[in-house]
Amino acid sequence: MCGIVGIVGTRPVAPLIVDALKRLEYRGYDSAGVATIESGVLDRRRAEGKLVNLQDRLDTSPLSGRIGIGHTRWATHGAPIEINAHPHFSGGVAVVHNGIIENFRDLRAALEADGFVFDSQTDTEVVAHLVEKGLRDGLPPEEAAHYAIQKLSGAFALAVMFKNDDNLIVAARNGPPLAIGHGQGEMYLGSDAVALAPFTNRITYLEDGDWAVIRRDELTIFDEHGEAVKRQQQLSVGSALLVDKGNHRHFMLKEIYEQPEVIGHTLANYVDFNAEKIALRDMGDNDNPLDFAKLDRLNITACGTAYLAGYLAKYWFERHARLPVDIDVASEFRYREVPLSKNGLSLFISQSGETADTLAGLKYCEEHGQKLAAIVNVRESTIARSSHSVFPTLAGPEIGVASTKAFTCQLAVLASLAIGAGVQRGHIDPAAETEMVRALAEAPRYANEVLKLEDEIKDLAHTLANKQHVLYLGRDTNYPLAMEGALKLKELSYIHAEAYAAGELKHGPIALIDEEMPVVVIAPHDRIFEKTVSNMQEVAARGGKIILITDPKGAAEVGMDEAKVIVMPEMPEIITPIVYALPIQMLAYHTAVHMGTDVDQPRNLAKSVTVE
Ligand code: G6P
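None of the values given here were measured: they were computed from a predicted structure.

**Considering the domain arrangement of the chain**
On domain assignment, one finds that the chain holds domain 1 (3–241), domain 2 (251–449) and domain 3 (454–594). For domain 2 versus domain 3, the distance between C-alpha centres works out to 26 Å. Buried surface at the junction of domain 2 and domain 3, both sides included, amounts to about 2,600 Å², of which 75% is carbon and sulfur. Linking domain 2 with domain 3 are two salt bridges. Ionic pairing is found between Glu573 and Arg319, a salt bridge with its closest N-O pair at 4.0 Å. Taken together, domain 2 and domain 3 are joined by eight residue pairs in polar contact (both at pLDDT 80 or more). Elements with a minimum of two residues in the side of domain 2 that touches domain 3: helix H7 (251–257), helix H8 (259–267), helix H9 (304–321), helix H13 (405–424) and helix H14 (430–451). Per element, the largest residue contribution to the side of domain 2 that touches domain 3 is nine residues, and it comes from H9.

Here's what the structure looks like:
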């Protein structure tokens with residue numbers, strides 16, 4: 001992961017670089033650093049931990065200079081300590097890097113044999129030494145950088161700066177995204193366009209294999225064969241504003257509260273509420289609109305929370321559209337050598353649209369001639385730009401590292417797609433379509449009602465705080481939702497949490513149940529409610545403490561005094577996963593707040609994972 005920034009500017013750049021890094025902190029916050037050149041002197045400030053520590057260091061010890069590079073780190077190679085913080089130096093060369101240099105061990109051994117001394121445990125430092133070696137061998141700076149880039153394998157976005165040229169940054173991309181911004185007599189680079197939004201909205205994206213020579217008034221891009229190439233300049237829609245928390249204590253809570261609005265906003269893109277019909281709006285560059293009737297298989301690939309949205313949608317596509325679905329975590333899919341159907345569709349779900357494993361899955365499907373579709377929150381992302389059909393979520397920027405509103409908006413798109421697929425494939429008749437569309441239209445209202453349960457959920461969350469383990473159970477679409485509940489609790493509170501399909505409890509996990517084990521059960525009153533109640537009885541009989549999330553009918557029927565019950569409004573089945581996600585999120589949020597963890601930036605995590 002990591003976020004990188006570079007500016008070849010006309011004013012002091014260190015504060016500008018820090019400002020841009022603030023927008024990239026979602027990519028990692030283990031350490032941060034900035035380097036500049038002033039009067040032929042290369043200097044840097046680095047600090048462990050969040051950007052605020054670097055800011056403090058710069059306040060007491062400022063950096064001048066009109067050219068600079070900066071970095072915010074998610075540690076891969078080497079502990080998150082200052083010596084491993086970027087920028088890395090070698091002689092007159094400074095480097096920042098996002099990604100992983102896979103052959104760094106061999107390169108490091110060769111460079112050490114040549115007398116280069118390493119200061120860090122990072123993979124990145126080999127790049128700085130390789131460029132310096134190129135300079136020592138007499139290459140001009142651009143060529144020295146290119147010499148180094150050619151020796152690297154792995155995934156990288158790089159920026160290289162040279163002490164002896166304060167009008168040059170060389171950038172390269174092989175995997176992780178890299179945006180180049182065009183200003184008035186200034187040029188910028190960043191891991192995304194939003195980082196550069198305060199400076200410019202004129203953006204050129206490097207493509208895989210590209211490297212670029214960036215000067216104040218000139219940009220030259222070369223492709224992987226060394227040919228100078230033109231890449232289109234685009235106007236970015238990224239907002240220059242740093243989203244703030246409003247009256248909320250954390251971004252996560254704000255984003256939980258935004259859900260009624262953003263779910264409605266997203267649905268409006270895929271549903272014609274006046275005609276009460278699905279009206280899928282494909283934002284892809286696509287002359288050949290998606291026709292679900294022509295498909296015989298759908299494979300969905302994603303990571304983390306987006307994967308769980310896909311998992312849940314498998315139930316919807318199979319039930320309502322009779323379309324068989326394979327669902328995989330992208331890190332497995334990409335190496336599994338999956339046979340793909342000739343008439344299949346490959347769907348990728350990603351908030352950021354940049355997740356490395358998901359992108360690799362997409363490339364595999366592309367190579368195998370599949371039709372590609374994406375559900376992304378960032379419309380300009382690589383996954384969106386690489387797909388034939390694009391169905392954006394309109395969640396707005398999500399800052400909390402643990403995904404909330406992006407998840408429910410993904411579900412809103414997926415529900416619309418599944419119903420639309422059911423209509424196209426002749427399994428949903430017009431009356432049923434109208435009924436389902438009316439149900440979707442109610443989702444924002446129910447989500448809003450559920451927010452009023454916060455105080456009650458907060459009290460229950462306090463019973464989870466400081467437990468060692470928590471189990472989550474659900475059946476049908478509530479099973480992937482249970483997985484999302486367990487994931488949220490793990491991410492935020494660091495409590496070990498697992499989810500099981502409720503019927504699977506008896507095949508092993510029941511051995512874990514004792515008085516110390518809270519069990520969260522997600523069970524609206526549906527056709528299999530009774531089955532889940534039986535599983536709850538099995539838990540209660542062994543002393544397990546149950547938190548049941550259900551509706552008034554379920555609460556009335558459950559007849560278990562031992563269970564603590566969150567009573568949700570009664571609602572149509574198709575929207576329950578979207579609305580039931582909210583108490584799950586609030587439970588994890590309040591457990592974490594009670595335990596005092598860093599809710600918006602949990603330890604060891606990052607929001608956009610651009611490494612394998
Ligand atoms: C990271 C985030 C998760 C997210 C996953 C996939 O692990 O912490 O919240 O679900 O990446 O990210 P994507 O941007 O592809 O949805």
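There is more to say, and it comes next.
**A few points about the packing of aromatic side chains**
Under the definition given, this model contains eight aromatic pairs. With 4.7 Å between their ring centres and 25° between their planes, Trp211 and Phe222 make a pair best called stacked. On the criterion of sequence distance, the pair formed by Trp211 in strand S12 (residues 211–215) and Phe222 in strand S13 (residues 218–222) is long-range, its members being eleven residues apart. Residues Trp211 and Phe222 agree in their burial class; the two are buried. Measuring from centroid to centroid gives 5.8 Å for Tyr311 and Tyr479, while their planes differ by 80°, and the two rings are edge-to-face. Of this pair, Tyr311 sits in helix H9 while Tyr479 is found in helix H16 (residues 478–493), placing the two residues 168 residues apart along the sequence. For the residue pair Tyr311 and Tyr479, the accessibility class agrees, reading buried in each case. Connected via pairs of aromatic rings, a cluster forms that spans Tyr307, Tyr311, Tyr315 and Tyr479. Over the face of the ring belonging to Phe89 we find Arg44, whose NZ or CZ atom lies 4.2 Å from the ring centre.

**Some words on the pairing of strand S18 (residues 297–302)**
Residues in a regular strand point their side chains to alternate faces of the sheet. Within S18, five of the six residues are buried, which leaves it mostly tucked inside the rest of the structure. Both S18 and strand S20 (residues 344–350) contribute to a ladder of six bridges, which runs parallel. Residue pairing for S20: Asn299 is matched across the bridge by Ser346. One crossover worth recording links S18 to the parallel strand S19 (residues 325–329) by way of H9, and it is right-handed.

**Focus on helix H2 (residues 51–60)**
Among the residues of H2, those classed as buried are Leu51, Leu54 and Leu58. Each buried residue of H2 lies within a common arc of 60° when the element is viewed along its axis, so the set occupies one face. Away from the buried face of H2 by more than 90 degrees, exposed residues Asp59 and Thr60 are located. The elements touched by buried residues of H2 are helix H1 (14–22), strand S2 (31–38) and strand S3 (41–48).

**Description of the layout of surface pockets**
Roughly 640 Å³ of volume is contained in the second largest pocket. The wall of the second largest pocket is formed by 31 residues, among which Gly154, Ala155, Asn174, Gly175 and Asp208 lie closest to the centre. Of all the secondary structure elements, the ones that give two or more residues to the lining of the second largest pocket are helix H5 (141–151), strand S7 (154–162), strand S8 (165–174) and helix H11 (356–367). Along the lines of polarity and charge, the residues of the lining of the second largest pocket split into 13 nonpolar, seven polar and eleven charged. The residues that make up the lining of the second largest pocket include at least three from each of domain 1 (3–241) and domain 2 (251–449).

**Details of the packing of H16 against helix H19 (residues 576–595)**
Packing of H16 against H19 leaves a shortest axis separation of 9 Å and a crossing angle of 20°. Our classification of the angle between H16 and H19 gives roughly parallel. In this structure, the crossing between H16 and H19 has a hand that is right-handed. Along the contact surface, H16 presents Leu481, Glu484, Gly485, Lys488, Leu489, Leu492 and Ser493, while H19 presents Pro577, Tyr580, Ala581, Ile584, Ala588, Tyr589, Thr591, Ala592 and Met595. For the contact of H16 with H19, a count of residues per class yields eleven nonpolar, three polar and two charged.

**So, the environment of Ser389**
Topologically, Ser389 is positioned in strand S22 (residues 389–390). At a separation of 2.7 Å, a polar atom in the side chain of Ser389 contacts the side chain of Asp282.

**What to know about the side chain of His182**
Tracing the backbone through its elements, the reader meets His182 in strand S9 (residues 179–182). Accessibility expressed as a relative area gives 12% for His182, which makes it buried. In this structure, His182 is in contact with Met187, Tyr188, Thr200, Arg202, Ile203, Thr204, Leu219 and Gln233, ignoring residues within four places of it in sequence.

**Regarding empty space enclosed by the protein**
Tallied over the entire structure, the rule returns three cavities of 30 Å³ or more. Counted as a void, the largest cavity has a volume near 60 Å³. Lining the largest cavity are 13 residues, and of these Cys2, Thr76, His86, Gly99 and Asp123 sit closest to its centre. Counting residues per element, the lining of the largest cavity draws most heavily on strand S6 (residues 93–101), at three residues. Classifying every residue of the lining of the largest cavity gives three nonpolar, eight polar and two charged.

Criteria and cut-off values
Chains are numbered independently. Their residues run from 1 in the order of the written sequence. Totals for whole chains, interfaces and linings use every residue, but because this is a predicted model, local features are given only for residues with pLDDT of at least 70 and side-chain atom pairs only at 80 or more, for both listing and counting. Values reported for side chains reflect all heavy atoms of the structure, with hydrogen atoms and water molecules removed beforehand. Note: domain ranges come from an automatic or database domain assignment. The buried area of a pairing is the accessible area, by a 1.4 Å probe, that goes missing from both parts when the two are put together, added over both. Salt bridges are counted wherever a side-chain nitrogen of Lys or Arg sits within 4 Å of a carboxyl oxygen of Asp or Glu. Two N or O atoms form a polar contact when they lie within 3.5 Å of each other; inside protein one atom must be a possible hydrogen donor and the other a possible acceptor, and for residues adjacent in sequence the pair counts only when both atoms belong to side chains. Numbering of helices and strands runs from the N terminus, with a helix taken as a DSSP run of H or I at least four residues long and a strand as a DSSP run of E at least two residues long. Put simply, two rings from Phe, Tyr or Trp (the six-membered ring, in Trp's case) pair if the centres are within 6.5 Å, and we call them stacked under 30 degrees between planes, edge-to-face over 60, tilted for the rest. Buried residues are those whose accessible area, probed at 1.4 Å on protein chains only, stays under 20% of the maximum for their type, while exposed residues exceed 50% and partly exposed ones sit between those limits. Only Lys NZ and Arg CZ are tested; either one counts as a charge over a ring when it is within 6 Å of the ring centre and within 35 degrees of the ring normal. Each pair of strands is called paired provided DSSP finds at least two bridges between the two strands. The handedness rule is simple: strands pointing away from the viewer, and a clockwise path from the first strand over the helix to the second, make the crossover right-handed. Note: the arc covers the axis-to-C-beta directions of the helix. Any two residues whose heavy atoms approach within 4.5 Å are treated as being in contact. Put simply, the grid is 1 Å and covers the protein atoms alone, a cavity is a trapped set of points that fit a 1.4 Å probe, a pocket is an open set with protein on both sides within 12 Å along at least five of seven lines, and lining residues have an atom within 4 Å of a point. Grid points are joined across faces, edges and corners, and a volume is the space filled by probe spheres set on the points. In this count, Pro and Cys sit with the nonpolar residues alongside Ala, Val, Leu, Ile, Met, Phe, Trp and Tyr, while Asp, Glu, Lys and Arg are called charged and the others, Gly among them, polar. Axis angles are defined between N-to-C directions and span 0 to 180 degrees, where every axis is a line fitted to C-alpha atoms and, for a helix, only to the segment in contact. Angular relationships are summarised with four words: roughly parallel below 35 degrees, roughly antiparallel beyond 145, roughly perpendicular across 65 to 115, and oblique for the angles in between. Crossing handedness: left-handed means the near helix sits turned counterclockwise from the far one by under a right angle, and right-handed means the same turn made clockwise.

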